[in-house]
Amino acid sequence: MWQVGRSAAGLLIGGLVVLAGASPAMPAEWSAEPSLSVREEFNDNILFTSAPHRAVWGSTVSPGLKFSVLSESVEVRGGALMNFTRFVGEKGLDTTEQYFRVESLYRTDKQAWGLSGGVTRDTTLTSELLETGLATIRLPRNQRTVNPSWQGSLSDRLSLRSSYQFTDVAYGGAGVLFDYQAHAPSAGVSYRLSERDTVEATTYYLTYAAPSANIRADSYGAQVGLSHLFSETLRGALSGGARLVSTELTAAGVSRNDRETVWLSEGTIEKQFETSVLRGRFGREINPSGAGFLVQVDRLSIAVEQEFTPAMKGSVSADAYWTSVLRTDVAASKSRFYRIASEWRWQWSEWWFLDLSYSYAMLPSVGQTSAVGANATFIRLTYAPPKWAMSR
């Protein structure tokens, strides 16, 4: 917990340094939005296992805080959240999750510098499963990220951008999953062809290292895309490219190198109606994982958001993952993972919110492995008092 707190403090100080250094005498608005939630949860397979298991009931208390410091040219936004979860008769499942994130941005007429970062302490089945589609055992996960970025406009149509993403992940339970670090710089150019069309080209590099697994992997390549505004309510984007993946595995003093080319693609579409929004996405990407290798993730997603009244809204989403291991020495089949979820929110007074949610997740059977399914539902009550703000 001390490491999480120290990293969070560093990110906050970094964001405020951007504010102070960029505009020391510029007026700014400071604001804070506290909240407190209480949640009751039922899950019939919280360990996401095919072995015999019991359904569990859990209670969560979640204090949170959103904050911002805004001026004419600088923005610093962030948030902190803690989830204290306790399960009835299942002390081994109790968790204390921590989330902290800061985003800062400094703008001039033609340039923008950004610095963002986050610290997360959760479990592998809380978030990593939804990132990679790769199901592992339930273990604590500590993740730290730092992401500086820059964007500059050369003309009304042409702009350049660059970014760097650092990720450090550590797990509890030695020897089960492997701690790793990933560095991912990128650079790109975008050109606005017309009021409705923009073309982009981006180069990528990713280096991944899991020292305890004696593995290092590098991935580099390029991607080209086009976004199009079909109408005021319909927009879409399509991109594609290739990555060369090089993996070096060291065992007993002997190194083995694998190389392969992975073709990547991404497509998105969004349609807005009077009181609803429909979104769809498909894509293939390369992600680091705690299993000791990079993974190729094919993902298809669709979501619908509906506003029933100004105080009541809901959503339904469905996701399908096909995950492959990018290592020729690992005899692993392509993993499939499916999830559907629905949420409903009612703001029954100015400061009070009621949320209901249901999700079903499934791993189909592969070979001799049995299928795995999990149903989860929760009800959450949130108190969010008015935002506090002051100017100087």
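This one's a predicted model, so the numbers in the text were calculated from it and none came from an experiment.

Q: Teacher, can you tell me more about the overall build of the protein chain here?
A: A tally of regular secondary structure across the protein chain gives two helices and 19 strands. Counting over 392 residues, the protein chain shows a buried share of 37%. Considering only intrachain contacts with a sequence separation of at least 6, the fraction spanning at least 24 residues in the protein chain is 54%. Of the roughly 21100 Å² that the protein chain leaves accessible, carbon and sulfur atoms contribute 59%.

Q: Can you help me understand the nonpolar core in this one?
A: Nonpolar side chains in soluble globular proteins generally cluster together in the buried interior. Residues Phe48, Tyr208, Ile215, Ile286, Leu294 and Phe337 are the most contacted members of the largest nonpolar core, which totals 33 residues. Among the nonpolar cores identified, the runner-up in size contains seven residues, and Ala28, Phe67, Val76 and Phe100 belong to it.

Q: Which parts of the structure should I look at to understand the confidence of the model for the protein chain?
A: Where the model shows low pLDDT, its predicted coordinates should not be examined in detail. Predicted confidence across the protein chain gives a mean pLDDT of 89, with 90% of residues reaching 70 or more. For the stretch residues 1–5, pLDDT sits under 50, and the model shows six contacts to residues farther than four places along the chain or on other chains.

Q: Would you take a moment to explain the packing of aromatic side chains for this structure?
A: What describes a pair of aromatic rings is the distance from one ring centre to the other and the angle between the planes of the rings. Scanning the entire structure with this criterion turns up 11 aromatic pairs. Centroid distance Trp346 to Trp348: 6.3 Å. Interplanar angle 40°. Geometry classified as tilted. Given a relative accessible area of 33%, Trp346 falls into the partly exposed group. Each member of the aromatic cluster is reached from another via a ring pair, and the members are Trp346, Trp348, Trp351, Trp352 and Tyr383.

Q: What should I look at first to understand the side chain of Thr323 in this one?
A: You can see Thr323 is positioned in strand E15 (residues 312–325). By relative accessible area, which is 3% here, Thr323 ends up buried. Within polar-contact distance, the side chain of Thr323 engages the backbone oxygen of Thr132 at 2.6 Å.

Q: It is not clear to me how the pattern of salt bridges should be interpreted in this structure. Could you clarify?
A: Oppositely charged side chains are able to pair whenever their charged atoms sit close together. For the structure on display, the rule yields 19 salt bridges. Measuring nitrogen to oxygen at the nearest pair gives 3.2 Å for the salt bridge that ties Glu266 to Arg281. Of this pair, Glu266 sits in strand E12 (residues 254–272) while Arg281 sits in strand E13 (residues 276–287), and the two are 15 residues apart along the sequence. Taking the relative accessible area as the measure of exposure, Arg281 reaches 24% and is therefore partly exposed. For Arg345, the salt bridge goes to Asp355, with nearest N and O atoms at 2.8 Å. Taken together, the positions of Arg345 in strand E16 (residues 335–346) and Asp355 in strand E17 (residues 352–363) put the pair 10 residues apart, joining distant regions of the chain. Note on Asp355: relative accessible area 8%, which makes it buried. Look at the salt bridges and you will find they share partners, linking Asp122, Glu128, Glu131 and Arg141 into a network.

Q: Mind showing me how you'd approach the layout of surface pockets here?
A: The probe, sized like a water molecule, is rolled over the atoms to show the empty space still left. The space that makes up the second largest pocket amounts to roughly 1100 Å³. Of the residues assigned to the lining of the second largest pocket, the class counts are 16 nonpolar, 18 polar and 10 charged.

Q: Which parts of the structure should I look at to understand the pairing of E15?
A: Note on strand geometry: in a regular strand, side chains alternate between the two faces of the sheet. Looking at chain direction, strand E14 (residues 295–309) and E15 are connected through 14 bridges and run antiparallel. Paired with Val295 across the bridge in E15 is Val325. Counting the residues that bridge the hairpin from E14 to E15 gives two residues.

Q: I keep staring at the pairing of strand E3 (residues 74–87) and nothing clicks. Help me out?
A: Of the pairings in the sheet, the one linking strand E2 (residues 56–71) to E3 comprises 11 bridges and is antiparallel in character. Bridge pairing in E3 links Ser68 to Arg77. Between E2 and E3, which pair antiparallel one after the other, the connecting turn spans two residues.

Q: When you look at helix H2 (residues 124–132) in this model, what are you seeing that I'm missing?
A: One full turn of an α-helix is made of 3.6 residues, so residues set three or four places apart face in the same direction. Of all the positions in H2, only Thr124, Leu125, Ser127, Glu128, Leu129 and Thr132 are classed as buried. A positive backbone phi angle near 70° is found at Gly133, which sits one or two residues after H2.

Q: How should I be thinking about the environment of Ala217 in this particular structure?
A: For Ala217, the location among the structural elements is in strand E10 (residues 215–229). You can call Ala217 buried: its relative accessible area is 1%. A C-alpha to C-alpha distance of 7.6 Å links Ala217 and Phe293, two positions 76 residues apart in sequence. Look past the residues within four positions of Ala217 in its chain and what remains in contact with it is Leu206, Thr207, Tyr208, Ser246, Thr247 and Leu294.

Q: Whenever I open this one, unusual backbone geometry confuses me. Can you help?
A: In terms of backbone geometry, most residues other than glycine have negative phi values and most peptide bonds are trans. The phi angle at Phe48 is positive, at roughly 50°, despite the residue not being glycine. Inspection of the secondary structure puts Phe48 in the loop between strand E1 (28–43) and E2. Phi is positive for Asn214, which is not a glycine, with a value near 55°. Turning to its location among the elements, Asn214 is positioned in the loop between strand E9 (197–210) and E10.

Q: Hey, could you run me through the environment of Arg192 in this one?
A: Take Arg192: it is sitting in strand E8 (residues 180–192). What makes Arg192 partly exposed here is its relative accessible area of 26%. When the C-alpha positions of Arg192 and Ser159 are compared, they lie 8.9 Å apart, and in sequence the two are 33 residues distant. Apart from residues lying up to four places away in sequence, Arg192 is in contact with Asp156, Arg157, Asp197 and Thr198. From its side chain, Arg192 meets the backbone oxygen of Asp156 in a polar contact 3.2 Å long.

Parameters and conventions
- Residues numbered from 1 in each chain as written.
- Predicted model: local features only at pLDDT ≥ 70, side-chain atom pairs only at ≥ 80, totals over all residues.
- Heavy atoms only, no water.
- Helix = DSSP H or I, 4+ residues; strand = E, 2+ residues; numbered from the N terminus.
- Buried < 20%, exposed > 50% of the residue type's maximum accessible area, 1.4 Å probe, protein only.
- Contact = heavy atoms within 4.5 Å.
- Areas by Shrake-Rupley, 256 points an atom, 1.4 Å probe, with all protein chains shown as cover.
- Core = buried A, V, L, I, M, F, W, Y, C linked by side-chain atoms within 4.5 Å.
- pLDDT = per-residue confidence, 0-100.
- Phe/Tyr/Trp six-rings, centres within 6.5 Å; stacked < 30°, edge-to-face > 60°.
- Polar contact = N/O pair within 3.5 Å; in protein donor to acceptor, adjacent residues only side chain to side chain.
- Salt bridge = Lys/Arg side-chain N within 4 Å of Asp/Glu carboxyl O.
- 1 Å grid on protein atoms, 1.4 Å probe; cavity = no way out; pocket = protein on both sides within 12 Å on 5 of 7 lines; lining within 4 Å.
- Points joined across faces, edges and corners; volume = space filled by probe spheres on them.
- Nonpolar A, V, L, I, M, F, W, Y, C, P; charged D, E, K, R; others polar.
- Pairing = 2+ DSSP bridges.

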